[in-house]
Amino acid sequence: MLNLVRQSDSSQVYAEALTRLASVRHALRLVDGGFSAGPEGDRDDEIADAWDSAGDAKQRWFDQRSGQLVGTAAAGIEALLSQRAEGREPHVLACKTMVDEIRRELRDVAGIVLA
């Protein structure tokens with residue numbers, strides 16, 4: 001059922017969505033040694049500054065996309081880590097492709113609020 005009444009305040013949605021993005025970046029550190037020095041394009045401060053002026057639609061879209069990103073990234077990272085747990089090293093190109101895709105998605109999600 002469509003409910004047009006806002007269910008939570010903007011700061012709560014922002015905090016939850018930003019925590020999701022941080023968890024994705026942390027998970028990337030587990031599979032990509034080159035990422036361990038810190039996230040490329042971490043735009044959390046910029047997102048925080050733009051959040052209130054982004055408007056409800058962009059905030060909801062950011063929340064939805066960040067949730068999807070976490071699910072997709074978790075599945076891919078879990079697959080790579082399960083390969084390692086079974087004593088097989090995941091294909092280097094597969095790891096790089098996944099990491100590059102997750103980084104692109106992180107930039108796209110940030111761009112929702114920053115556009």
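Residues numbered from 1 in each chain as written. Predicted model: local features only at pLDDT ≥ 70, side-chain atom pairs only at ≥ 80, totals over all residues. Heavy atoms only, no water.

Trainee: Run through the environment of Thr19, naming residues and quoting values.
Mentor: Residue position: Thr19 is located in helix α1 (residues 10-31). Note: C-alpha distance between Thr19 and Ser66 (47 residues apart in sequence) is 9.5 Å. (Helix = DSSP H or I, 4+ residues; strand = E, 2+ residues; numbered from the N terminus.)

Trainee: Can you lay out the nonpolar core for me, pointing to particular residues and giving the numbers?
Mentor: Residues Phe62 and Ile102 are the most contacted members of the largest nonpolar core, which totals 26 residues. Elements supplying a minimum of two residues to this core: α1, α2 (44-54), α3 (56-85) and α4 (92-114). Considering each element in turn, this core owes the most residues, 9 residues, to α4. Excluding residues that lie within four positions of it along the chain, Phe62 makes contacts with Ala17, Leu18, Leu21, Ile47, Trp51, Val109, Ala110, Ile112 and Val113. (Core = buried A, V, L, I, M, F, W, Y, C linked by side-chain atoms within 4.5 Å. Buried < 20%, exposed > 50% of the residue type's maximum accessible area, 1.4 Å probe, protein only. Contact = heavy atoms within 4.5 Å.)

Trainee: Outline the packing of aromatic side chains, supporting the account with residue identities and numerical values.
Mentor: Summed over the entire model, instances satisfying the criterion amount to 1 aromatic pair. Centre to centre, the rings of Trp51 and Phe62 are 5.4 Å apart; their planes meet at 75 degrees, and the pair counts as edge-to-face. Here Trp51, found in helix α2, pairs with Phe62, found in helix α3; they are 11 residues apart in sequence, far enough to count as distant. When sorted by exposure, Trp51 lands in the same class as Phe62, which is buried. (Phe/Tyr/Trp six-rings, centres within 6.5 Å; stacked < 30°, edge-to-face > 60°.)

Note that all results are geometric; they support no functional claim without further evidence.
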